[in-house]
Amino acid sequence: MNRGKLIVFSAPSGAGKTTLVKHALEIFKQDLAFSISCTTRQMREGETHGKDYYFLDLEDFKQKIEQNEFIEWEEVYTNNFYGTLKSEVDRLMDEGKSVIFDIDVEGGLNIKKLYGKDCLTVFVHPPSINSLKERLRARNTETEEKLKQRLEKADLEIATAPKFDVVLWNDDLDKAKNETVSIIRNFLNLHHQI
Ligand SMILES: Nc1ncnc2c1ncn2[C@@H]1O[C@H](COP(=O)(O)OP(=O)(O)OP(=O)(O)O)[C@@H](O)[C@H]1O
Ligand SMILES: Nc1nc2c(ncn2[C@@H]2O[C@H](COP(=O)(O)O)[C@@H](O)[C@H]2O)c(=O)[nH]1
């Protein structure tokens, strides 16, 4: 069986990576699977354990770090840990799927270092910092303090864009969705009708 490839979507919070990754998963149902990360942050309304994330308490997360279960992990925001499990990626690749990741910029670049040319890194670029603020406010998932924490990192995160294989501007959402499909179709050599 052919081993799949890896596609990483990274961006500052609010740029739209989750939206675009979900679209890709709908379009490439047969070929692509989502790497479900572990996190210690609180579950949001509408999220499901084992679908959006594996929601762990800090003790369990730290145990997994000690047992070397993560390919990469980060304390992305103060007291909120996120990590990609080796077992998750192996399981999906053993099924012959390519794997798509929605992870922060450091994690994304670390995965690229590990997998090299089998991995495509996509930086989702917001039109402006102000657009991040507006989108996060409209998403209504963060307190003002958490929103500030997320926005404070955005400039530094945007500065890493040139390190990614592809920079995808997410201004007009339909256009960004179409670009997402064409980037993935090319990388996975899926030239059949979808
Ligand atoms: N092009 C766009 N125009 C306007 N709103 C958008 C656009 N793309 C995404 N959004 C909206 O912006 C909000 C943030 O998008 P999303 O949750 O996908 O971002 P994210 O990068 O995954 O953020 P986080 O890192 O915080 O999880 C969502 O409510 C989404 O519906
Ligand atoms: N380094 C990693 N970053 C991850 C992982 N899973 C998610 N994330 C990133 O964290 C922030 C915040 O996510 P949210 O769901 O709380 O809004 C965002 O940039 C995610 O992409 C991971 O396994 N490793």
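The following paragraphs examine the structure supplied in this document. (Residues numbered from 1 in each chain as written. Chains lettered and ligands numbered in written order. Predicted model: local features only at pLDDT ≥ 70, side-chain atom pairs only at ≥ 80, totals over all residues. Heavy atoms only, no water.)

**Comments concerning the sheet that holds strand β6 (residues 80-85)**
Strand order in the open sheet made by the 4 strands is β4-β3-β6-β5, with mixed pairing throughout. A single partner strand is all that each edge strand has here, and the edge strands are β4 (53-55) and β5 (70-77). Adjacent strand axes in the sheet meet at a mean angle of 25 degrees, parallel and antiparallel pairs treated alike. Pairing of strand β3 (residues 37-39) with β6 involves 2 bridges; the strand directions are antiparallel. Looking across to β6, one finds that C38 is bridged to G83. The strands that helix α3 (residues 86-94) touches are β4, β5 and β6; relative to β6, the one it contacts most, it runs at about 35 degrees. In the packing of helix α4 (residues 105-115) onto the sheet, the strands contacted are β5 and β6, and the crossing angle to β5 comes to about 165 degrees. (Pairing = 2+ DSSP bridges. Helix = DSSP H or I, 4+ residues; strand = E, 2+ residues; numbered from the N terminus. Axes fitted to C-alpha atoms, helices over the stretch in contact; angles between N-to-C directions. Contact = heavy atoms within 4.5 Å.)

**Examining the sheet that holds strand β7 (residues 98-102)**
Strand order in this open sheet of 5 strands is β2-β7-β1-β8-β9, and the pairing throughout is parallel. Sheet topology places β2 (32-34) and β9 (166-169) at the edges, where each strand pairs with a single neighbour. Taken pair by pair, the neighbouring strands of this sheet meet at an average axis angle of 25 degrees, ignoring direction. In this structure, β2 lies alongside β7, joined through 3 bridges in parallel fashion. What sits directly across from F34, in β7, is I100. Those strands touched by helix α1 (residues 17-27) are β1 (6-10), β2, β7, β8 (119-125) and β9, and its axis lies near 160 degrees from that of β7.

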